[in-house]
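Coordinate analysis (summary)
Here's the letter readout for the chains.
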2 protein chains.
Amino acid sequence: MTDPGFAKKPTLKDVARVVGVSVNTVSAILNGGAKADRYSESTCERVRLAACELGYMPNPLARTLKRSRTRLLGVVVISQQDSYYASVLQAAEEVVLDAGYEFVLADMSEDAERLPQCLNLLTAWRVEGILAVLGGHNVDRAPLTQVWDARTPVVLVGAHRPEDPFPCLYLDNTGAARQIGRHLADLGHQRVGILGGYESNAHSMERIEGLRSVFQELGTPIPDSCVVLHRERNYELAAGYQDVELLLERAPGVTAVVCVNDATAIGAMTRLHEMGYSVPRDMSVSGFDDLFLGNASKPENRLGLHVRPSLTTLRMPVTGIGRHAGEALTKLVHATADGVDCELPPAEFGAELVVRDSTAPPRIRAGCARVPRKG
Amino acid sequence: MTDPGFAKKPTLKDVARVVGVSVNTVSAILNGGAKADRYSESTCERVRLAACELGYMPNPLARTLKRSRTRLLGVVVISQQDSYYASVLQAAEEVVLDAGYEFVLADMSEDAERLPQCLNLLTAWRVEGILAVLGGHNVDRAPLTQVWDARTPVVLVGAHRPEDPFPCLYLDNTGAARQIGRHLADLGHQRVGILGGYESNAHSMERIEGLRSVFQELGTPIPDSCVVLHRERNYELAAGYQDVELLLERAPGVTAVVCVNDATAIGAMTRLHEMGYSVPRDMSVSGFDDLFLGNASKPENRLGLHVRPSLTTLRMPVTGIGRHAGEALTKLVHATADGVDCELPPAEFGAELVVRDSTAPPRIRAGCARVPRKG
DNA sequence: CTGAAAGCGCTTACAG
DNA sequence: CTGAAAGCGCTTACAG
């Protein structure tokens, strides 16, 4: 009993009936490949013509059921909303499409608890491999390990944990943070504040630690009062906008604010401006990511260029990470399909310091507080 | 011959064998529903336990092949990159997921020619309906009409064309543009420049026409020299950054620049700043969209608040459009499945003028040119 | 209360 | 050069 509403698509059988041959003949011819050669030119012609006229399209569901391979790859992402992850996915998808696979996407919507159900969705679709884009979020990876142990290839983009059995692509957050730390120290800053993300977020924590290590070594360690962590949705414009005020209350002497990402930094600059601070004269501000809108290849699409002052930040190689992830996953899937082993080492990605106008030497040396008029 | 590499997932047959019942028993019990009642409690228990222990998961491919319905919905989008469309999709997806469907996505990557092949991909997957998000892009809709004629429900988010047989959700671009036109006229502007998109882009053209109509009626029509259209990738930061300079060369007397979207406006403001113009004192600037980063519900996440000066713009109801689209599509699909007719009228969405700091009265009345120092 | 059988649309050895 | 048959994993009348 077919539903009355939906149009039925023609099948192999329909084509076969029209031409007067068997279904396997049609299948062999339409699939091209070596087997099609065995049929006479005229049969091939008639089959192709009929298929075209009927508007025949092979049903990938049926094909997939018969073949042992689905050519489907799963992606589970902590948040599709976040343009950082969206860019990684975009790049990964290009690679994967070129390799003849398709992505099935499951979005955790920032909820760490959702990993098991997302993984269930993907394995139900019989994906041949899974790309997990978790970034710094604190997610229990046991379900991923389970999938891996069941011989489904997994590639993780996120904080590296040595116990993970699957290959991991991760950012050198500590090194990146040390770059900005040294930059600020070179400028003469001695009292730096930090706007971070969740306490449980590895990226946030590594960046904070990296920064602190620089000032620790210089003999001007950053006290806890200069670090503000965010509770709810972090990494947003709104977060920086709110938190910078808190930071200034707690740590009035700071001359620079390092923010855990660009959005936070931009939000912070807006609030600072409202409060009567002039950046970078009264306060240096920096971000992470070098966020872009639209096409990453045009330098003018970097958002940090379009705020006043332009934003000093650390550029993350999102496209490179995405591409690498796509390649690693297809490589693993191929190896698994061929039954051969394939060890992929973890890969670290570095950031590039982009100095713009939001950082400058502190106006008053040696952390003595200046209290501008409140906006 | 199964591939050696991939783990085989347990099937209904495996569960049946373990429990010692037939596959249809297992199927009926696991699918729950009314039929499960016919089986004894103990059988049900044993089946459920075995399924759980084996880690059985129904194969949706096989299920879909047997049933006449896939519960798959297709989405074809002109550009996933564009955060405007991404937000529409996000909202639509939520609705559709709640209704028990899943999205299959095909991205045209800004290439109008790609519609047929995207549609092919989606119909190959036997989607039960298609959401086409084309915005103002000039895309030949014949392939969409064909799909519709083959009784696959289609909902379009994009410029309204009366000949389209499928329901359409569109923006009142003319009305929106007239709002910003009146706002500028009220401020005293008489010579307004425009930064548009492609000539073939309906949104861009409607906005330009709407704006021109206001000044036409006021007796100060906008000459062609005050309108700059963009060729390549429009709607980007880079586009506004480049084009505003061109506009000022061609039309030195303008006191306000209306941009076709926020990104263009932000790019234009940056270049104006570099050239020594002060916005809004020397030049008013406005956008379209009220673009946001991250979570739309927090007002501080609107990007227009974080540029200096903050951006006057027209807020588009992206979330509302997406939700409406999801609802319209599921409604149509349900109707089609039930074999009943369902006419959905086109729906127009209005924009809301958000006045911020980038628009102000012109410093010098009556379009006499002022040439600031070149940056 | 339970099972045998047919079939969704396709592919893949195997025969001829 | 071509076809008959089995089967991928599931569901759905139909028998008993």
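All of these numbers come straight from a predicted model, not from anything done at the bench.

1. A few points about the domain arrangement of chain A
When its domains are assigned, chain A resolves into domain 1 (4-58), domain 2 (72-166 + 318-350) and domain 3 (173-316). Taking only C-alpha atoms, the centre of domain 1 of chain A and the centre of domain 3 of chain A are 62 Å apart.

2. A closer look at the interface of chain A and chain B
The partner chain B presents 68 residues to the 67 residues of chain A that form the contact. Together chain A and chain B conceal approximately 6100 Å² of surface at their shared face, both sides included; 58% is due to carbon and sulfur atoms. Our count for the contact surface shared by chain A and chain B stands at two salt bridges. In this structure, Glu236(B) and Lys298(A) form a salt bridge, with 3.8 Å as the shortest nitrogen-oxygen distance. Linking chain A to chain B there are 15 residue pairs in polar contact (both at pLDDT 80 or more). When its residues are assigned to classes, the side of chain A that touches chain B shows 29 nonpolar, 21 polar and 17 charged.

3. Describing the relation of the copies chain A and chain B
For the pair chain A and chain B, the best superposition has an RMSD of 0.1 Å and corresponds to a rotation of 180° with a translation of 0.0 Å parallel to the axis. Taken together, the rotation and translation describe the operation of a two-fold axis. The fraction of interface residues of chain A whose copies in chain B are also interface residues reaches 100%, indicating that both copies meet through the same surface.

4. Looking at the side chain of Asp243(B)
Residue and element names in this part refer to chain B. Tracing the backbone through its elements, the reader meets aspartate 243 in helix 10 (residues 237-250). Relative accessible area serves as the criterion here: at 3%, aspartate 243 is assigned to the buried category. Excluding residues within four positions of it along the chain, aspartate 243 makes contact with Leu195, Val228, His230 and Arg231.

5. What about unusual backbone geometry?
Peptide bonds are, in most cases, trans, and in most cases residues other than glycine have a negative phi. Residue Arg308(A) is joined to Pro309(A) through a cis peptide bond whose omega torsion reads -5°. By the element assignment, Pro309(A) lies in the loop between strand 9 (284-286) and strand 10 (313-315). Looking along the chain, the bond that leaves Val279(B) and enters Pro280(B) is cis, with omega of 5°. Of note, Pro280(B) is situated in the loop between helix 11 (262-274) and strand 9 (284-286). Phi at Arg71(A) takes a positive value of approximately 55°, unusual for a residue other than glycine. Here Arg71(A) shows up in the loop between helix 4 (60-66) and strand 1 (72-77).

6. Remarks on the protein's contact with DNA strand C
Taken together, 26 residues form the shell around DNA strand C, and within it Leu12(A), Ser27(A), Tyr56(A), Arg63(A) and Lys66(B) come nearest. Atoms of DNA strand C within 4 Å of the protein belong to the sugar or the phosphate in 63% of instances, the rest to bases. Between Ser22(B) and DNA strand C, the recorded distance is 3.2 Å, taken from a backbone N or O atom to a phosphate oxygen. Thr25(B) places a side-chain nitrogen or oxygen 2.9 Å from a phosphate oxygen of DNA strand C. Those elements giving two or more residues to the surface near DNA strand C turn out to be helix 1 (12-19), helix 2 (23-30) and helix 4 of chain A together with helix 2 (23-30) and helix 4 (60-66) of chain B. The leading source of residues in the surface near DNA strand C is helix 4 of chain A, at three residues. Its residues placed into classes, the surface near DNA strand C shows eight nonpolar, ten polar and eight charged.

7. Describing the protein's contact with DNA strand D
With respect to spatial proximity, 26 residues lie near DNA strand D, and among them Lys66(A), Leu12(B), Ser27(B), Tyr56(B) and Arg63(B) are the closest. Looking at DNA strand D alone, sugar and phosphate atoms form 63% of those within 4 Å of the protein. Here a base oxygen of DNA strand D and a backbone polar atom of Lys66(A) are 3.4 Å apart. Here Arg63(B) contributes a side-chain N or O atom positioned 2.8 Å from a phosphate oxygen of DNA strand D. The set of elements that each furnish at least two residues to the surface near DNA strand D consists of helix 2 and helix 4 of chain A together with helix 1 (12-19), helix 2 and helix 4 of chain B. Among the elements that make up the surface near DNA strand D, the one with the highest residue count is helix 4 of chain B (three residues). Counted by class, the surface near DNA strand D contains eight nonpolar, ten polar and eight charged residues.

About the thresholds
- Residues numbered from 1 in each chain as written.
- Chains lettered and ligands numbered in written order.
- Predicted model: local features only at pLDDT ≥ 70, side-chain atom pairs only at ≥ 80, totals over all residues.
- Heavy atoms only, no water.
- Domains from an automatic or database assignment.
- Contact = heavy atoms within 4.5 Å.
- Buried area = accessible area lost by both parts, 1.4 Å probe.
- Salt bridge = Lys/Arg side-chain N within 4 Å of Asp/Glu carboxyl O.
- Polar contact = N/O pair within 3.5 Å; in protein donor to acceptor, adjacent residues only side chain to side chain.
- Nonpolar A, V, L, I, M, F, W, Y, C, P; charged D, E, K, R; others polar.
- Least-squares fit on C-alpha atoms with pLDDT ≥ 70 in both.
- Helix = DSSP H or I, 4+ residues; strand = E, 2+ residues; numbered from the N terminus.
- Buried < 20%, exposed > 50% of the residue type's maximum accessible area, 1.4 Å probe, protein only.
- Near = heavy atom within 4 Å.

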